[in-house]
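# A structural walkthrough
What follows is each chain in one-letter form.
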Amino acid sequence: MSFVIPELESKGITLKDFYHYYTSLLQKEIYHLYKMFPLSSISNLKAYPLNICLRIIKQANTIGYVIEQCEDYVSANSLIRSLADSISSFILIYKDSNEEEKCLRHFLYIMDGYYERFKLLPDELSYDGQITKDEFQLLSNQIKKKKSEYLYACHFCEGKIKDLSIYLNNQKTIDYLISKRQWRYKTLSNCKESYTWNSMYELLGLNSENLHSKSFFSAQSCYVHGLSTSNLIIENKPDELYGIVVALLGKLQETLESLYITEIEDVKIKIFKD
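Cut-off values and rules
Residues numbered from 1 in each chain as written. Predicted model: local features only at pLDDT ≥ 70, side-chain atom pairs only at ≥ 80, totals over all residues. Heavy atoms only, no water. Helix = DSSP H or I, 4+ residues; strand = E, 2+ residues; numbered from the N terminus. Buried < 20%, exposed > 50% of the residue type's maximum accessible area, 1.4 Å probe, protein only. Contact = heavy atoms within 4.5 Å. Areas by Shrake-Rupley, 256 points an atom, 1.4 Å probe, with all protein chains shown as cover. Lys, Arg positive; Asp, Glu negative; His and termini not counted. Charge placed at Lys NZ, Arg CZ, Asp CG, Glu CD. Phe/Tyr/Trp six-rings, centres within 6.5 Å; stacked < 30°, edge-to-face > 60°. Lys NZ or Arg CZ within 6 Å of the ring centre and 35° of its normal. Salt bridge = Lys/Arg side-chain N within 4 Å of Asp/Glu carboxyl O. Expected span 1.5 Å × (residues − 1). Core = buried A, V, L, I, M, F, W, Y, C linked by side-chain atoms within 4.5 Å. Axes fitted to C-alpha atoms, helices over the stretch in contact; angles between N-to-C directions. Parallel < 35°, antiparallel > 145°, perpendicular 65-115°, else oblique. Left-handed = near helix turned anticlockwise from the far one by under 90°.

### Some remarks on the overall build of the protein
Of regular secondary structure, the protein possesses 13 helices and two strands. Relative to its 274 residues, the protein shows a buried fraction of 43%. Taking as baseline every contact in the protein between residues at least 6 positions apart, the subset at least 24 positions apart corresponds to 70%. By element, 52% of the accessible surface of the protein is carried by carbon and sulfur atoms, the whole surface being about 15,300 Å². Taking the average location of the 32 positive side-chain charges in the protein and that of its 35 negative ones, the two points are 5 Å from each other.

Structure follows, in structure tokens:
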């Protein structure tokens, strides 16, 4: 696989240079948008996606550090797979032109995260004498408080979903999605059919002669899970890794700018002035 951008080559710009320029540019876009919508409430669909973008750009910056400072290409590939997961999720949820379905997926996505945390915490702790009783009681209270907060957040999201106008005509379907916290459903008309993580890579649209989203990012599981392939000697070709990151961030930027279409021109003017 080889990434070549003729416009960059003609100007003597390497993919590494372009990666650093592009991550910086996207970070500035997100920063200026975040100043416009600083609230991080889960009910604010203008602000909350920017929190996700901030996390994604940190991931992208970390990949560069791992490549350049550590020369750890296995970890870099694992991080790229994580980046692909994050961006494909972002596209599925927030690129929907139907505002009501965008809200539906958003709140199901939030519910899924809170409920998974809720399930990880035990209902009751048994005292084993390894800590003081006061420490044990403090820990028990903290767990109960967190479980209560996570459950409250889930109920809050459920209420927001049921306030949507599409709930009236799709009550049975949406109740099913709520029960499963299934934000990866394909359509409301067939709610039991959902995207697998593998099929979500198709949403990235990074298909060319040298790269096919679904097969490429699926194959990166060998690095994530430490499979045999990850132990084989891999060629140190960081330009290919930079190329993949830039391509992924391009898809994030497309979605971001469609989501903030009325604000993005002002943001670009501010960046140009900077």
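There is more to say, and it comes next.
### Examining the packing of aromatic side chains
For the structure on display, the rule yields twelve aromatic pairs. Measuring from ring centre to ring centre gives 5.8 Å for phenylalanine 37 and tyrosine 260, while their planes differ by 40°; the resulting arrangement is tilted. One end of the pair, phenylalanine 37, is in the loop between α2 (15-36) and α3 (48-70); the other, tyrosine 260, is in the loop between α12 (238-259) and α13 (264-273), and 223 residues separate them in sequence. By relative accessible area, tyrosine 260 is classed as buried at 0%. Aromatic side chains tyrosine 109 and tryptophan 183 sit 5.1 Å apart centroid to centroid with 85° between the ring planes, which places their arrangement in the edge-to-face category. With a gap of 74 residues between them, tyrosine 109 in helix α5 (residues 99-120) and tryptophan 183 in the loop between α8 (171-180) and β1 (185-187) connect regions that are remote in the sequence. Members of the aromatic cluster, joined through ring pairs, are Phe18, Tyr21 and Tyr22. Looking at arginine 184, its charged tip hangs above the ring of tryptophan 183, at a distance of 5.7 Å from the centre.

### Focus on the pattern of salt bridges
Applying the stated rule across the entire model yields twelve salt bridges. A salt bridge links glutamate 254 to lysine 95, with the nearest nitrogen and oxygen atoms 3.9 Å apart. Here glutamate 254, found in helix α12, pairs with lysine 95, found in the loop between α4 (73-94) and α5; they are 159 residues apart in sequence, far enough to count as distant. Relative accessible area serves as the criterion here: at 42%, glutamate 254 is assigned to the partly exposed category. A salt bridge links lysine 186 to glutamate 193; the nearest nitrogen and oxygen atoms lie 3.7 Å apart. Lysine 186 sits in the partly exposed class, given a relative accessible area of 31%. We classify glutamate 193 as partly exposed; its relative accessible area is 37%.

### Focus: α4
Along its 22 residues, α4 runs 31 Å from first to last C-alpha, staying within 8% of the 32 Å computed at 1.5 Å per residue. A large share of α4 lies buried, amounting to 18 of its 22 residues.

### A few points about α2
Between its first and last C-alpha, α2 extends 31 Å over 22 residues, near the 32 Å set by a 1.5 Å rise per residue. For α2, the set of buried residues is Leu15, Tyr19, Tyr22, Thr23, Leu26, Glu29, Ile30, His32 and Leu33.

### Things to note about the nonpolar core
By size, the foremost hydrophobic cluster in this structure holds 72 residues, and its most contacted members are Ile87, Leu104, Leu204, Phe217, Leu248 and Leu249. Discounting chain neighbours no more than four positions away, the residues touching leucine 204 are Ala84, Ile87, Ser88, Ile91, Ser213, Phe217, Leu248 and Lys251.

### Re unusual backbone geometry
The phi dihedral of glutamate 71 falls on the positive side, at around 50°, and the residue is not glycine. In this fold, glutamate 71 is placed in the loop between α3 and α4. Within the chain, arginine 181 stands out as a residue other than glycine whose phi angle is a positive 50°. When you line up the elements, arginine 181 lands in the loop between α8 and β1.

### Some words on the packing of α2 against α13
At their nearest, the axes of α2 and α13 sit 10 Å apart, and the two run at 120° to each other. Taken together, the axis directions place α2 and α13 in an arrangement best described as oblique. Handedness of the crossing formed by α2 with α13: right-handed. For the pair α2 and α13, contact is made by Leu25, Lys28, Glu29, His32, Leu33 and Met36 and by Ile264, Asp266, Val267, Lys268, Lys270 and Ile271, respectively.

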